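Take a look at the letters that make up each chain.
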Amino acid sequence: MTADDVAAQLAVRDLTFAYRRRGAEELFGGLTHTFTPGAVTAVTGPSGRGKSTLLYVLGLMLRPVRGEVHVAGRRADTLSDARRSAVRSERIGFVFQDAVLDPTRTVLEGVLEPTLYAGRPTPEGRGRALALLDRLGVEARADHRPGEISGGQAQRVAVARALVNDPAIVLADEPTGNLDHDNATIVLDALREAASTGRTVVVATHDPFVLARADEVLAL
Ligand code: ADP
Ligand code: MG
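Keep in mind the model is a prediction, meaning the values are calculated, not measured. (Residues numbered from 1 in each chain as written. Chains lettered and ligands numbered in written order. Predicted model: local features only at pLDDT ≥ 70, side-chain atom pairs only at ≥ 80, totals over all residues. Heavy atoms only, no water.)

A. Inspection of empty space enclosed by the protein at higher detail. Going through the model one piece at a time under the given rule, you end up with one cavity of 30 Å³ or more. Quantified by volume, the largest cavity comes out at close to 40 Å³. Taken together, Leu 101, Asp 102, Arg 105, Thr 106, Val 107, Gly 110, Pro 146 and Val 157 form the lining of the largest cavity. Of the residues in the lining of the largest cavity, the class split is four nonpolar, two polar and two charged. (1 Å grid on protein atoms, 1.4 Å probe; cavity = no way out; pocket = protein on both sides within 12 Å on 5 of 7 lines; lining within 4 Å. Points joined across faces, edges and corners; volume = space filled by probe spheres on them. Nonpolar A, V, L, I, M, F, W, Y, C, P; charged D, E, K, R; others polar.)

B. The arrangement of the sheet that holds strand β5 (residues 74-75) in detail. Sheet architecture is open: four strands sit in the order β2-β1-β4-β5, paired in antiparallel fashion. Two strands in the sheet have a free side with no partner beyond their single neighbour: β2 (27-35) and β5. When strand β1 (residues 10-17) meets β2, the two strands line up antiparallel, connected through five bridges. Each residue of the ladder has a partner; that of Phe 17, found in β2, is Leu 27. (Pairing = 2+ DSSP bridges. Helix = DSSP H or I, 4+ residues; strand = E, 2+ residues; numbered from the N terminus.)

C. Representation of the pattern of salt bridges within the structure. All told, the structure shown has 14 salt bridges when counted by the stated rule. For Asp 81, the salt bridge is made with Arg 63, and the minimal N-O distance between the two is 3.4 Å. Of this pair, Asp 81 sits in helix α3 (residues 81-91) while Arg 63 sits in the loop between α2 (51-58) and β4 (66-71), placing them 18 residues apart in sequence. By relative accessible area, which is 35% here, Arg 63 ends up partly exposed. In this structure, Arg 105 engages Asp 102 in a salt bridge whose closest nitrogen and oxygen atoms are separated by 3.0 Å. Under the relative-accessibility criterion, Asp 102 is labelled partly exposed at 30%. Three or more residues joined by partner-sharing salt bridges are found here, namely Arg 13, Glu 68, Arg 75 and Asp 77. (Salt bridge = Lys/Arg side-chain N within 4 Å of Asp/Glu carboxyl O. Buried < 20%, exposed > 50% of the residue type's maximum accessible area, 1.4 Å probe, protein only.)

All we've got here are geometric facts, nothing functional implied.
So this is what it looks like as structure tokens:
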């Protein structure tokens, strides 16, 4: 197995999460699952079942109350906040459901921001950001502010931002939620393309269009 294959490994064991330690509803019920590198896995289930929460736990933003999260073959949920942030910025691209872009930056600056956290503000990063914006059909918006673009465009910019560091793992929360059919196709093709080169792509969704095109489905 190559180093890149290891980087894309993502698995959970006996996973349970609750927003409060006592008295809160428990989510996932001891979920054990290994996500397949090279595949788009759709996480589905009724509203409120915990799709978004699972992505936050996989993205090391929330810690489970029980169970384990393994990233790149190593247990990650027990790491310190700083180490989890480092793992996240090195290995994970995250598309938030309500693509909140910094209103003070241009679209291009917003897409480049993860390259700064990763310590890699290079000309290549800029080229890559522009290529991704082009791939997602929003390159003409590179110099605009978030207030000047539509919700659907913001969602495509958020996908470019998640891919800019070339992460081995991509987590996307309802990435086609605000999109018409053509733009949903663009976003899904970009995510499928990311998976086709060995990345692990996990998409929380209840969109039948996405479910029909996912390689695997994990129902919560
Ligand atoms: P889904 O994405 O499947 O709709 P969520 O992961 O958003 O589900 O939510 C799962 C459950 O956790 C829901 O009952 C929701 O109300 C609850 N929940 C979500 N976020 C919070 C929070 N920050 N604090 C407390 N409860 C939350
Ligand atoms: Mg959700």
